[in-house]
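In case you want the letters, here they are:
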Amino acid sequence: MTAEIKTLAEPPDAGLIEAVCTVLRAGNLVAIPTETVYGLAADATNGEALARIFQVKGRPRFNPLICHVESQTMAERLGRFEPRARQLAERFWPGPLTLVVPKAAECPVHPLATAGLETIALRMPGGPVRRIISAFGKPLAAPSANLSGRLSPTRADHVAAQLGHAIELILDAGPCEVGLESTIIALEPGRPAILLRPGGLSADEIETALGEPLERSAPDAAIVAPGMMASHYAPKAKLRLQAEDVQSDEALLAFGSALPEGKTMAVRNLSASGDLSEAAVNLFSFLAELDAEGVDKIAVMPIPDTAGTLGEAINDRLRRAALDPDLPEAPDAR
Ligand code: TXA
Ligand code: MG
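Computed from a predicted model, the values in this text were never measured in an experiment. (Residues numbered from 1 in each chain as written. Chains lettered and ligands numbered in written order. Predicted model: local features only at pLDDT ≥ 70, side-chain atom pairs only at ≥ 80, totals over all residues. Heavy atoms only, no water.)

**Let's talk about the packing of aromatic side chains**
And step 1. Throughout the structure, instances matching the rule amount to one aromatic pair.
And step 2. A centroid spacing of 6.1 Å and a plane angle of 75° characterise the contact between Phe81 and Trp93, whose relative ring orientation is edge-to-face. One end of the pair, Phe81, is in the loop between helix H3 (72-78) and helix H4 (83-92); the other, Trp93, is in the loop between H4 and strand E5 (97-102), and twelve residues separate them in sequence. Accessibility classification places Phe81 together with Trp93 in one group, the buried group. (Phe/Tyr/Trp six-rings, centres within 6.5 Å; stacked < 30°, edge-to-face > 60°. Helix = DSSP H or I, 4+ residues; strand = E, 2+ residues; numbered from the N terminus. Buried < 20%, exposed > 50% of the residue type's maximum accessible area, 1.4 Å probe, protein only.)

Quick look at the structure:
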């Protein structure tokens, strides 16, 4: 199979929406653009389609998927929203925020998507893909459209390079505006809100909206994001973090205007002006470019790792990317 890449405009072409719904109804997979990263989508109520996601990605089945919704009404058919959850959804959806809430009693999502948990991860994505979910009338389960443990795709051609052989359709809406996966917050009645994964929405903004601090480590193991594997988001090249200098056999992933001297294989500056949103947008695509150029080693300059900012999410991804993906996967300790 070689995936066909089709442009998803805003608003999308009616014929294309229908064609995508036909693929999904048949239990097949479609790569979809969102504002964070590209996702590998299937009908969240169809167990066989979900099994295909795990198979194509090489993803462990205990790692649950995010269900993407088009409206608050659809979200509340799947999960139970306490007032804080509704407040965050109203403030930030559509947007780069995933809410982990208790599953609704009649939730139609197949247990493969939730890995048998009593909670469900929900997100309303930005961009034209919402029109597809709305026409399909059912939630779409979608992990990032990469091989398990590898770089998340922020452009349609990244998806084609990793998964083009295994799926039939990739929808292209251009480069992702945010470039990092959604921030994941767990909200269960009577417990503090927990930051399960830093991401494209800064924790500071969420705390401000909630009016209470986020807890950063889960007090019990049951609601830790099971997919927070230590090694993840890994390029083929080996990363050297917090680099103050660069060697001649390394590429430089820079940040800011004061670059180290020296001969390098290649240079990519995440943001010459030191802007964290710009760095987030560029992170995965620059790593993918350096991989495509066949670079073996990348020196990564320090990026401010201030809790609550996008720097927290960028450094989270870099630390995981620096670990050897061939080591056995272990749950993250954070
Ligand atoms: O921006 C994003 O979130 C992208 C786009 C495509 O929406 N998706 C994405 O999915 O990053 P994925 O599968 O790569 O990451 C989903 C994370 C995993 O770490 C998984 O363990 C966690 O969400 N998760 C899903 N359901 C959960 C649940 N019920 N409880 C805790 N964590 C959950
Ligand atoms: Mg992922």
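**Description of the nonpolar core**
And step 1. Of all hydrophobic cores here, the largest spans 72 residues; its most connected members are Leu88, Trp93, Leu99, Leu122, Ile167 and Ile185.
And step 2. Among all residues touching Ile167, those that are not within four sequence positions of it are Met1, Thr2, Ala3, Leu29, Ala31, Leu40, Val56 and Val159.
And step 3. One finds Leu239, Ala279, Leu283 and Val300 within the second-largest nonpolar core, a separate group that totals 27 residues. (Core = buried A, V, L, I, M, F, W, Y, C linked by side-chain atoms within 4.5 Å. Contact = heavy atoms within 4.5 Å.)

**What about the sheet that holds strand E4 (residues 66-68)?**
And step 1. Across the sheet, ten strands lie side by side as E1-E8-E2-E3-E7-E4-E6-E5-E9-E10; this open sheet has mixed pairing. Looking at the sheet topology across the chains shown, the edges are occupied by strand E1 (4-7) and strand E10 (194-197).
And step 2. Bridge count between E5 and strand E9 (residues 183-186): four bridges; the pairing is parallel. For Leu99, the partnering residue across the bridge sits in E9 and is Ile185.
And step 3. Relative to strand E3 (residues 39-43), helix H2 (residues 47-57) is tilted by about 155°, and along the sheet it contacts E3 and strand E7 (140-141). (Pairing = 2+ DSSP bridges. Axes fitted to C-alpha atoms, helices over the stretch in contact; angles between N-to-C directions.)

**Observations concerning the sheet that holds strand E13 (residues 267-269)**
And step 1. Strands sit in the order E11-E14-E12-E13 across an open sheet of four strands; the sheet is parallel. The open sheet has two edge strands, strand E11 (238-240) and E13, and neither has a second partner. Each strand axis lies, on average, 20° off the axis of its neighbour in the sheet, ignoring direction.
And step 2. Relative to strand E14 (residues 297-300), E11 runs parallel, the two being bridged by three bridges. When the sheet's bridge partners are listed, Arg240 is paired in E14 with Ala299.
And step 3. Sheet strands in contact with helix H9 (residues 276-292) are E11, strand E12 (251-254), E13 and E14, and its direction is about 175° off that of E13.

**Brief notes about helix H6 (residues 129-136)**
The α-helix advances 3.6 residues per turn, and as a result positions three or four apart in sequence lie on the same side.
And step 1. Regarding H6, the residues found buried are Val129, Ile132, Ile133 and Phe136. What you see down the axis of H6 is that its buried residues fit within an arc of 100°, all on one side.
And step 2. Just downstream of H6, Gly137 is the residue with a positive phi angle, here 80°. (Arc of directions from axis to C-beta.)

**What to know about the pattern of salt bridges**
And step 1. Throughout the structure, instances matching the rule amount to 19 salt bridges.
And step 2. The residue Glu207 makes a salt bridge to Arg216 at a minimum N-O spacing of 3.8 Å.
And step 3. With a closest N to O distance of 2.4 Å, Glu293 and Arg268 form a salt bridge. With Glu293 in the loop between H9 and E14 and Arg268 in strand E13, this pair connects stretches of sequence that are 25 residues apart.
And step 4. Salt bridges here are not isolated pairs; linked through shared partners, they connect Glu181, Asp316, Arg317 and Arg320. (Salt bridge = Lys/Arg side-chain N within 4 Å of Asp/Glu carboxyl O.)

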